[in-house]
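Okay, here's what each chain looks like letter by letter:
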Amino acid sequence: MFAHWYGMKIRTFNHCPIDGDDRVEGDGDGRVYFFSPKLQRLVHHYTRFYRMGKKQKIVLPPDLPPEISEDEIEVSDEDLQFVNENREYAGFVSNLDTQSITRHVTRVADVKEDALESLYEKRLRKKSLEKAKEENVLEVDPVDALPVKTLDGKLYYRTVAKKSENAPKEGEASGDNEDDGVDKSVVKMTKAEKRAKLKKMKKEAKKQGKEVAEVEGGQQIPQAEVLAEVKKELTAEEANERKKYRLAELGTALLMDPESNIKSLKEMLQISKDGDHAIVILGLKSLLAVFKDIIPGYRIRLPTEKEQEMIVSKDVKKMRYYESTLLSVYKAYLQRLMALEQQPLFQRVAVRCICTLLDAVPHFNFRDSLLAAVIKNISSPDDVIRKLCCATVKSLFTNEGKHGGEATVEAVQLIADHVKVYDCQLHPDSIEVFMSLSFDEDLRRPEISNADGRVKNKKNKKRKNLEEQSQLQGNEKKRSRQELMSKTREEVSAEFKAASFAQDVMEQRRMQSETLSAVFQTYFRILKHTMQSVAARYVTVMDIYNKEGRTGWIRYHRAYTWTWLGANSRSEGSLSSSAGASGGHPLLAPSLNGIGKFSHLIDLDFMGDLMNYLRKLAGGGSNSNNSDGFSDNSVKHLTVSERLGCCIVAFKVMRNNLDALNVDLQDFFVQLYSLILEYRPGRDQGGVLAEALKIMLCDDRQHDMQRAAAFIKRLATFSLCFGSAESMAALVTLKHLLQKNVKCRNLLENDAGGGSVSGPIAKYQPYASDPNLSGALASVLWELNLLSKHYHPTVSTIASSISTLSDTHNQVFHSNLSPQQAFMELSLEQESFNPKGDLRKPTHKRKRGSGSSMPAGNGHPDISSTEEEVMRKKLSEHFLILRDITENERLKSELDRTMMSLKLYEQYKKQRKNQGSSKPKKMRNC
Amino acid sequence: MRPLDENETTQVFEKLFKFTGNNLKNIVENPSHEGPETNPGRYCFRLQKNRVYYVSESLVKRATNIKRESLVALGTNIGKFTKGGSFHLTIQCLNLLATNAKHKVWLKPTSEMSFLYGNHVLKGGLGRITENIAAGDGVVVFSMADVPLGFGIAAKSTQDCRKMDPNGIVVLHQADIGGALFTFGLAAFIDTYDQFRGLQSLVEGPLY
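The rules behind these values
Residues numbered from 1 in each chain as written. Chains lettered and ligands numbered in written order. Predicted model: local features only at pLDDT ≥ 70, side-chain atom pairs only at ≥ 80, totals over all residues. Helix = DSSP H or I, 4+ residues; strand = E, 2+ residues; numbered from the N terminus. Buried ≥ 20, exposed ≤ 12 C-beta atoms within 10 Å, placed from the backbone. Contact = placed C-beta atoms within 7 Å. Core = buried A, V, L, I, M, F, W, Y, C linked by C-beta atoms within 7 Å. Nonpolar A, V, L, I, M, F, W, Y, C, P; charged D, E, K, R; others polar. Pairing = 2+ DSSP bridges. Axes fitted to C-alpha atoms, helices over the stretch in contact; angles between N-to-C directions. Parallel < 35°, antiparallel > 145°, perpendicular 65-115°, else oblique. Left-handed = near helix turned anticlockwise from the far one by under 90°. pLDDT = per-residue confidence, 0-100. Arc of directions from axis to C-beta. Expected span 1.5 Å × (residues − 1).

*Asks:* Where do I start with the overall build of chain A in this structure?
*Replies:* A tally of regular secondary structure across chain A gives 40 helices and three strands. For chain A, buried positions account for 29% of its 926 residues. Sequence-distant contacts, at least 24 apart, represent 70% of the contacts inside chain A between residues at least 6 apart.

Given below as structure tokens:
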């Protein structure tokens, strides 16, 4: 607007009868303004400066010519003559009152400078007000003056485009010097020119927008108006661009000097409330970057009213202002984030911002709301959001130094509540974050020592008191001095505590115990929930059973199948919905892992219940008492991996709490024994099985001979039917067991029956559920012989080395390989394993055996290739014979035919002869 | 020799159930390979002179040939009914219990002898213990080399055992092979002596 006004001014000057050049000169470098259109940037820059400086330099509209001293004025003779000649009308010059004229022209010349300034300011304001009024008036475009009637019947007058009102004028300034004197240059321009001009204008506008932003808030009123005008005239895109620039500027300014620019935070926030999607995102992000940088390393406490009343120094005031602004804007920003987090369009950005903030400044105010938002999204169906939240919580847990552990407690408690509210139906990730918790175990020790110390102190004090009482009753002086000493000592220690950043051990311990209790509460809740959901079905079935009685047996069966089917479909549904999560218990696996990890921290009082739950879960939720039908079906409720996990956790818990008592987990062995059979390579996780083998069979110190034998036998059977990785893990365990249990090496001997050690069960019962009752010692490990012909060289090697174990009795040799390692190695190798390499040795064992008797693994190319050769030979022989036969037949038939023809020929000959003999006769007759 | 009546059966089974739990089924359904029959028979419980025997069916058939007074024993003696009518397991059933035991305790080598002399099992002597024992359950005692040594009643649950001091009693002694060696060695002697005397009197009576 100013530019416009200013341009007008210039134009009027140009047409002014009084010499305009001087006026322009009065404007300073105004000439540049007219000269080169290429330097428009500079010009605009300059005008901006000019406008900024307006406060000081006010253009006096009708200016006097420059003052020239009277001596300098050269009055020419002509002039004199002229005056003399026309005295009648030029005579007034001589008797002019110059003083009054000067006063009149300058008008305010005699006012003091300051007053003058204010006066002009007032004037300016008035003018601008008028301008604003003018703008409100509807201005009809002369080009299409006819109104438009809408469907509603309203009339719309086409107003003059805002652009055309201002932008051209802005261009006029440049247009003026291109073709001087042409007023409305826009109208006359060609299309191309127009376009070029538009572009230019846009650029200018951008620049302007950018620079406008730089203007300090000092002269807000005209500035705001300009800003408003500019805003209006720019298209949405331009505005966005401008806002982007503005954001960038504000951001950099804030980062450079946050204390003085703290106000611009508000503006940034304002920008982020924009309607445009991209701008909002940008605003949020830039605010995030700024906050991340400028948030102080302490928590801001706003001054109380009392404190505010107190007189403080300037610095403190400034600081307070800074802090309160920061805090209020931060709060507003967070509110905005929380609001946006609800909208699906902005959810990711908002969550990312929240996560980053929580990660960066967990010590700062409003942590609770941040935490709540993060925890709320921790099991979000959106992968990105969930990963983000989980990562944030994990980093909260690992970097406890940032917030002193308080956030950990809060987060854990929030997660616990979350699990409670959602009835354990969450994504496993939300519980897995607990795994990155760390508990300082050294905290226990100081407690003990403290307690001891306290006791000692008490004792000492008592003793001292006694002594003192006995001793010091006499001399009070000494006593008072001592009191003084102790007082000062206490003070000093208190001050030291306050000054040192070391946290109070007691406080730390309290937080840790709270965290732990929340964590275990969650874990136990999940276990219990799993139990209940497993048991629920059983209970319903039992209810039906009880109601119906034995007479309704069939009906009960039907009802049971219904419930079972229903439950199955339900679990399938949840499976499909929560992809990857297993069955209806997505949280079970991670919680089992967690219990395994923190098992050393479980209170002994919980142990009994925990083991009870685990036992039931390991049995697939089926009671051992119920009939077969129940157990069969309810076992299906938990996967094999989960049940194996239960076994593993039970062993971990026991091992970690194994102080004095060596507890034998018979029930879990029984479970493992049956689970080995239920394992399916594709469906279940082999790693879990390997871990179970490692923990339960390899790490346990002793086993019953019977049980060990049973497991050896079962593992050997097991390794026959699964992939090389699984069978390798099983064989490693088997070897380990055989090395430990010398008596079990009877299994390697070639006579069944087991002799004296075979125990009361005379015959091997492969289907027994209890390893102790399987009578495995009466069997022979014939599987090893087959396994030594395994297609995988590693498996065949270990199998043959196991079968020779009995010969190397005295060798104490322990393989360090754990089943897990073996499993991992082979399962990794499996991908790159190229069975063709096996054919390199023609004298390999496998060649001896006939290929057909091999255990059929998943694709044995080598075997099949050897077989192929044989087959090909056989086939070729077969076909050769076949061909020979057909050939023979053909030849035979040919022979027959020739024979026939020969015979015929002979007959013919004979006939011929006969005829011939007769014919010649006839001929002769003829 | 006669089968157990209902009351006796419940008593015997309750006692056995204490030690074996669900494995009681195995005891009852155990196929026997005794005798020349091709298809295996079962084992059954028989009462003879207040003593309960665990006998294979084929043996029962054969034992019917001997009259009740002169039948000293058959199969495995697993316990006896006292004069008061209650059932006690005796040490001879140890083998049966050991194979089917639900709760087990393994003794350290140092405390084996103490147990074999009839003392209770203390926590200090405990080498290993099955998890999930409740107080009052029947427990079979093994040496660390898995040799069954005897049996008893659990005085404390496994959980409580953790917190106990090493001198607390874990298993109350009921029977052990050491005592058996002593008692039955002597008893065997006495028995033979009685029989000898009886025979003597038999021989002597009418003759002299």
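Text resumes after the structure shown.
*Asks:* Looking at this structure, I do not really get the overall build of chain B. What am I missing?
*Replies:* Helices and strands together make up the secondary structure of chain B, namely seven helices and twelve strands. Across the 208 residues that make up chain B, the buried fraction comes to 32%. A separation of at least 24 residues holds for 54% of the contacts in chain B among residues at least 6 apart in sequence.

*Asks:* Looking at this structure, I do not really get the environment of E341 of chain A. What am I missing?
*Replies:* All names here are of chain A. Among the structural elements, E341 can be located in helix α18 (residues 314-342). Put simply, E341 and N377 are 36 residues apart on the chain and 9.7 Å apart in space, counted from C-alpha to C-alpha. Sequence-distant contacts of E341, that is, excluding residues within four places in its chain, are made with Q347, A350, V351, I354 and A373.

*Asks:* Help me out: how do you make sense of the nonpolar core in this one?
*Replies:* A general trend in soluble globular proteins is that nonpolar side chains are found buried together. Grouped together as the largest cluster of nonpolar side chains are 175 residues, with contacts concentrated most on I354, V374, C647, A650 and I712 of chain A together with V105 and V141 of chain B. Element by element, the count of residues in this core is highest for helix α31 (residues 640-656) of chain A, at ten residues. If we ignore the near neighbours within four places in the chain, the residues touching V141 of chain B are V105, L107, F115, V121, L149, G150, F151, G152 and V171 of chain B.

*Asks:* Honestly, the interface of chain B and chain A in this entry has me stumped. Any pointers?
*Replies:* How big an interface is tends to be expressed through the accessible area that disappears when the partners come together. Counting residues at the interface gives 18 residues for chain B and 20 residues for chain A. Within the residue set of the side of chain B that touches chain A, elements represented by two or more residues are α4 (94-100), β9 (126-130) and α6 (158-163) of chain B. No other element matches the five residues that β9 of chain B contributes to the side of chain B that touches chain A. Along the lines of polarity and charge, the residues of the side of chain B that touches chain A split into three nonpolar, ten polar and five charged.

*Asks:* Teacher, can you tell me more about the sheet that holds strand β3 (residues 663-664) of chain A here?
*Replies:* Where strands meet in a sheet, backbone hydrogen bonds hold them as pairs that are either parallel or antiparallel. Ordered in space as β3(A)-β9(B)-β7(B)-β10(B)-β11(B)-β12(B)-β8(B), the seven strands form an open sheet in which the pairing is mixed. The open sheet is flanked by β3 of chain A together with β8 (121-122) of chain B, the only strands paired with a single partner. With two bridges joining them, β8 of chain B and strand β12 (residues 169-176) of chain B adopt antiparallel strand pairing. Note on β12 of chain B: the bridge partner recorded for V121 of chain B is V171 of chain B.

*Asks:* Any chance you could explain the environment of F397 of chain A here in plain terms?
*Replies:* All names here are of chain A. Examined against the element boundaries, F397 turns out to sit in helix α21 (residues 383-398). The buried category is assigned to F397, around which 20 C-beta atoms lie within 10 Å. Aside from chain neighbours lying at most four places away, what touches F397 is T408, V433, S436 and L437.

*Asks:* Explanation requested: the packing of α31 of chain A against helix α32 (residues 666-678) of chain A in the structure shown.
*Replies:* Two packed helices can be described by the angle between their axes and the distance between those axes. Residues and elements named next belong to chain A. The interhelical angle for the contact between α31 and α32, taken along N-to-C directions, is 150°, at an axis separation of 10 Å. Considering the angle they form, α31 stands roughly antiparallel to α32. In this structure, α31 meets α32 at a crossing whose hand is left-handed. The segment α31 lies against α32, with V640, R643, L644, C647, A650 and F651 engaging F668, Q671, L672, L675 and E678. When grouped by side-chain class, the residues that make up the contact of α31 with α32 number eight nonpolar, one polar and two charged.

*Asks:* Would you take a moment to explain the environment of L74 of chain B for this structure?
*Replies:* Residues and elements named next belong to chain B. Of note, L74 is situated in the loop between α3 (57-63) and β5 (76-81). For L74, a count of 19 C-beta atoms within 10 Å gives the class partly exposed. Put simply, L74 and V55 are 19 residues apart on the chain and 6.8 Å apart in space, counted from C-alpha to C-alpha. Here L74 is in contact with Q48, Y53, V55, L59 and A63, once residues within four sequence places are set aside.

*Asks:* What is the right way to look at the pairing of strand β10 (residues 138-143) of chain B in this model?
*Replies:* Each regular strand carries side chains that alternate between the two faces of the sheet. Residues and elements named next belong to chain B. Of all six residues making up β10, five are buried, and the element is well covered by its neighbours. In terms of strand pairing, strand β7 (residues 104-107) meets β10 through four bridges, oriented parallel. Among the inter-strand pairings, W106 is bridged to a residue of β10, identified as F142. One ladder, built from five bridges, connects β10 with strand β11 (residues 148-154); its direction is antiparallel.

*Asks:* Please explain unusual backbone geometry as it appears in this structure.
*Replies:* With a phi close to 60°, F366 of chain A is a non-glycine residue in the positive phi region. Relative to the helices and strands, F366 of chain A resides in the loop between α19 (347-360) and α20 (367-376). On the basis of neighbour counts, which here come to 16 C-beta atoms within 10 Å, the residue F366 of chain A falls in the partly exposed class. Look at N132 of chain B: it is not a glycine, yet its phi comes out positive at around 75°. Note that N132 of chain B resides in the loop between β9 and β10.

*Asks:* Help me understand the pairing of β11 of chain B in this model?
*Replies:* Residues and elements named next belong to chain B. Taken across its seven residues, β11 has five buried, putting it largely inside the fold. Linking β10 back to β11 in an antiparallel pair, the connection comprises four residues, with D146 at a positive phi of about 65°. Of the strand pairs in this sheet, β11 and β12 are connected by five bridges, and their pairing is antiparallel. Note that in β12 the partner of G150 across the bridge is D176.

*Asks:* I keep staring at the confidence of the model for chain A and nothing clicks. Help me out?
*Replies:* Note: predicted coordinates in regions of low pLDDT should not be interpreted at a detailed level. Residue and element names in this part refer to chain A. The share of residues in chain A with pLDDT of 70 or more is 59%, and the mean pLDDT across the chain is 68. Low confidence marks residues 1-40, where pLDDT is under 50. Its contacts with residues over four positions away, or in another chain, come to 40 contacts. Confidence drops under pLDDT 50 across residues 212-218; counting only partners more than four residues distant or on other chains, this segment forms seven contacts.

*Asks:* Would you take a moment to explain the packing of α32 of chain A against helix α34 (residues 705-721) of chain A for this structure?
*Replies:* All names here are of chain A. Here α32 crosses α34 at 20°, and the two axes come no closer than 10 Å. What the angle tells us is that α32 and α34 run roughly parallel. Handedness of the α32/α34 crossing: left-handed. Taking contact as the criterion, the partners of F669, Y673 and I676 in α32 are, on α34, R707, A710, F711, R714 and F718. A per-class count over the contact of α32 with α34 returns six nonpolar, no polar and two charged.

*Asks:* What am I meant to see in the confidence of the model for chain B here?
*Replies:* Residues and elements named next belong to chain B. On average, residues of chain B score 82 in pLDDT, and 85% of them reach the 70 mark or higher. For residues 202-208, every residue scores under 50 in pLDDT, and the model assigns this stretch zero contacts once sequence neighbours within four places are set aside. Among the prediction metrics, the complex's ipTM stands at 0.73, with pTM recorded as 0.57.

*Asks:* Where do I start with helix α37 (residues 793-803) of chain A in this structure?
*Replies:* Because an α-helix completes one turn every 3.6 residues, residues spaced three or four positions apart along the sequence face the same direction. All names here are of chain A. Along α37, the residues that are buried comprise V795, S796, I798, A799 and I802. Each buried residue of α37 lies within a common arc of 165° when the element is viewed along its axis, so the set occupies one face. In the core, the buried residues of α37 are packed alongside α35 (724-740) and α36 (783-787).

*Asks:* Sorry if this is basic, but what is going on with helix α1 (residues 6-20) of chain B here?
*Replies:* Residue and element names in this part refer to chain B. In this model α1 runs 20 Å from its N-terminal to its C-terminal C-alpha over 15 residues, within 8% of the 21 Å that 1.5 Å per residue would give. For α1, the full list of buried residues reads V12, L16, K18, F19 and T20. Two residues or fewer after α1 comes G21, characterised by a positive phi angle close to 60°.

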